[in-house]
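# Observations on the model geometry
Given next are the chains, with one letter for each unit.
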Amino acid sequence: MAMYIVLLGPPGVGKGTQAKILAQKTGLPHVSSGDLFREHLKNQTDLGRLAQSYMSKGELVPDDVTIAMVRDRLSRPDCESGAILDGFPRTPVQAEALEKMLAEFSAQVDVVPYISAPDEVLVERLSGRRTCRAQGHVFHVRYNPPAKEGVCDYDGSELYQREDDREETVRRRIQVYREQTAPLVSYYREQGKLVEINGAQPIEQVTQDLLRALEQVETS
Ligand code: ADP
Ligand code: ADP
């Protein structure tokens, strides 16, 4: 399948969970800006240190460094025929930069599944989220528990609670989403690329709805 998919939606709605499932089903690479920043943080790069100062407060990392990082990732050969973007773009400036980047490869954003859920659902999901140290696999203490508490099913590494998944920061992140990212909903709707997906359903059901949305793009 050759296509650039942008998963849009508030923090905690399930973008990363679904992106990983879709990556397996389609063979497209999963490109998560949050994972890229956390990778820099783990490797203690300058970018990692800069990003951390914003991430820990629930604020967005500045557009210029974010765009440069994603551009670098999308320029790698595995993204040549498409990618599943998760967490990028998050501002109108990033959306325009993405359009220009893809145009350089004679490509475009093909479809934008917009996954949504009420705020209470987001807060509950984020506060129960546990993330794997090694590769960022995601679990939930109630909704998607690992076989053994505190241990990643896929690679056996430790599961931890992200600093920004504490309740005070979670509220700020949802507010930042409304102010800076939500305008992208109308941006992509006007381009005819938006497909609305109900994120307040079990994981498998959301996947079904997403796969149906992708099939429609392929056949259109
Ligand atoms: P995002 O990438 O949008 O921030 P995640 O995929 O990390 O969201 O999911 C946030 C949390 O909610 C994780 O703990 C995940 O296991 C859980 N989760 C994801 N989708 C669902 C769902 N459909 N129902 C219940 N819990 C979910
Ligand atoms: P979530 O799972 O809640 O959607 P992410 O892992 O995508 O969170 O992002 C975590 C943090 O990384 C954000 O709160 C922000 O500080 C930073 N970040 C990730 N993607 C971007 C982006 N596209 N632009 C600016 N900051 C970003």
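Above this text is the structure in question.
Just so we're clear, the structure is a prediction, and the values are computed from it rather than from any experiment.

### Quick word on the sheet that holds strand β1 (residues 3-7)
- If you trace the three strands from one edge of the open sheet to the other, you get β1-β3-β2, paired in parallel fashion. The outermost strands of the open sheet, each flanked by one partner alone, are β1 and β2 (30-32). If you compare each strand with its neighbour and ignore which way they point, the axes differ by 20° on average.
- Relative to strand β3 (residues 82-86), β2 runs parallel, the two being bridged by three bridges. Residue pairing in the sheet places serine 32 in a bridge with aspartate 86 of β3.
- Lying on the sheet, helix α1 (residues 15-26) is in contact with β1, β2 and β3; it crosses β3 at an angle near 165°.

### Brief notes about the packing of helix α2 (residues 33-42) against helix α3 (residues 46-55)
- For the pair α2 and α3, the least separation of the axes is 7 Å and the interaxial angle reads 120°. One finds that α2 runs oblique with respect to α3. Here the hand of the crossing between α2 and α3 comes out left-handed. For the pair α2 and α3, the contacting residues are Gly34, Phe37, Arg38, His40 and Leu41 in the first and Leu47, Gly48, Ala51, Gln52 and Met55 in the second.
- A per-class count over the contact of α2 with α3 returns five nonpolar, four polar and one charged.

### As for the nonpolar core
- Counting residues in hydrophobic clusters, the biggest one holds 32 residues, and the most contacted among them are Leu8, Leu74, Leu85, Leu98 and Tyr188.
- Contributing elements (two or more residues each) for this core: β1, α2, α3, α4 (63-74), β3, α5 (92-104), β4 (112-116) and α8 (183-190).
- At five residues, α5 tops the list of elements feeding residues into this core.
- Among the nonpolar cores identified, the runner-up in size contains 23 residues, and Ile5, Val111, Ile115 and Ala213 belong to it.

### With respect to the site of ligand 1
- Around ligand 1 lies a shell of 18 residues, among which Gly12, Thr17, Arg129, Phe139 and Gln201 are the nearest.
- With respect to ligand 1, the backbone of glycine 12 contributes an N or O atom lying 2.8 Å from an oxygen atom.
- Lysine 15 places a main-chain nitrogen or oxygen 2.8 Å from an oxygen atom of ligand 1.
- For ligand 1, whose accessible area on its own is 560 Å², the fraction buried by protein is 94%.
- Listing elements by their share of the shell around ligand 1, those giving two or more residues are α1 and β6 (138-140).

### Some points on α1
- Here α1 spans 16 Å end to end across 12 residues, near enough to the 16 Å set by a 1.5 Å rise per residue.
- Looking one or two places after α1, you find glycine 27, whose phi comes out positive at around 80°.

### Points about the environment of threonine 169
- By secondary structure assignment, the location of threonine 169 is in helix α7 (residues 167-181).
- Under the relative-accessibility criterion, threonine 169 is labelled buried at 11%.
- Along the sequence, threonine 169 and lysine 193 sit 24 residues apart, while their C-alpha atoms lie 31 Å from each other.

### Looking at the state of the cysteines
- Taken as a whole and judged by the stated rule, the model has zero disulfides.
- The thiol of cysteine 132 is unpaired, and the distance to the nearest cysteine sulfur, on cysteine 152, comes to 3.9 Å.
- Look at cysteine 132 and you get buried, because its relative accessible area is 2%.

### Quick notes on the pattern of salt bridges
- All told, the structure shown has 17 salt bridges when counted by the stated rule.
- Here glutamate 104 ties to arginine 71 by a salt bridge, and the two come within 3.4 Å at their closest N and O atoms. Of this pair, glutamate 104 sits in helix α5 while arginine 71 sits in helix α4, placing them 33 residues apart in sequence.
- Accessibility expressed as a relative area gives 34% for arginine 71, which makes it partly exposed.

Definitions and cut-offs
Residues numbered from 1 in each chain as written. Chains lettered and ligands numbered in written order. Predicted model: local features only at pLDDT ≥ 70, side-chain atom pairs only at ≥ 80, totals over all residues. Heavy atoms only, no water. Pairing = 2+ DSSP bridges. Helix = DSSP H or I, 4+ residues; strand = E, 2+ residues; numbered from the N terminus. Axes fitted to C-alpha atoms, helices over the stretch in contact; angles between N-to-C directions. Contact = heavy atoms within 4.5 Å. Parallel < 35°, antiparallel > 145°, perpendicular 65-115°, else oblique. Left-handed = near helix turned anticlockwise from the far one by under 90°. Nonpolar A, V, L, I, M, F, W, Y, C, P; charged D, E, K, R; others polar. Core = buried A, V, L, I, M, F, W, Y, C linked by side-chain atoms within 4.5 Å. Buried < 20%, exposed > 50% of the residue type's maximum accessible area, 1.4 Å probe, protein only. Near = heavy atom within 4 Å. Polar contact = N/O pair within 3.5 Å; in protein donor to acceptor, adjacent residues only side chain to side chain. Areas by Shrake-Rupley, 256 points an atom, 1.4 Å probe, with all protein chains shown as cover. Expected span 1.5 Å × (residues − 1). Disulfide = S-S within 2.5 Å. Salt bridge = Lys/Arg side-chain N within 4 Å of Asp/Glu carboxyl O.

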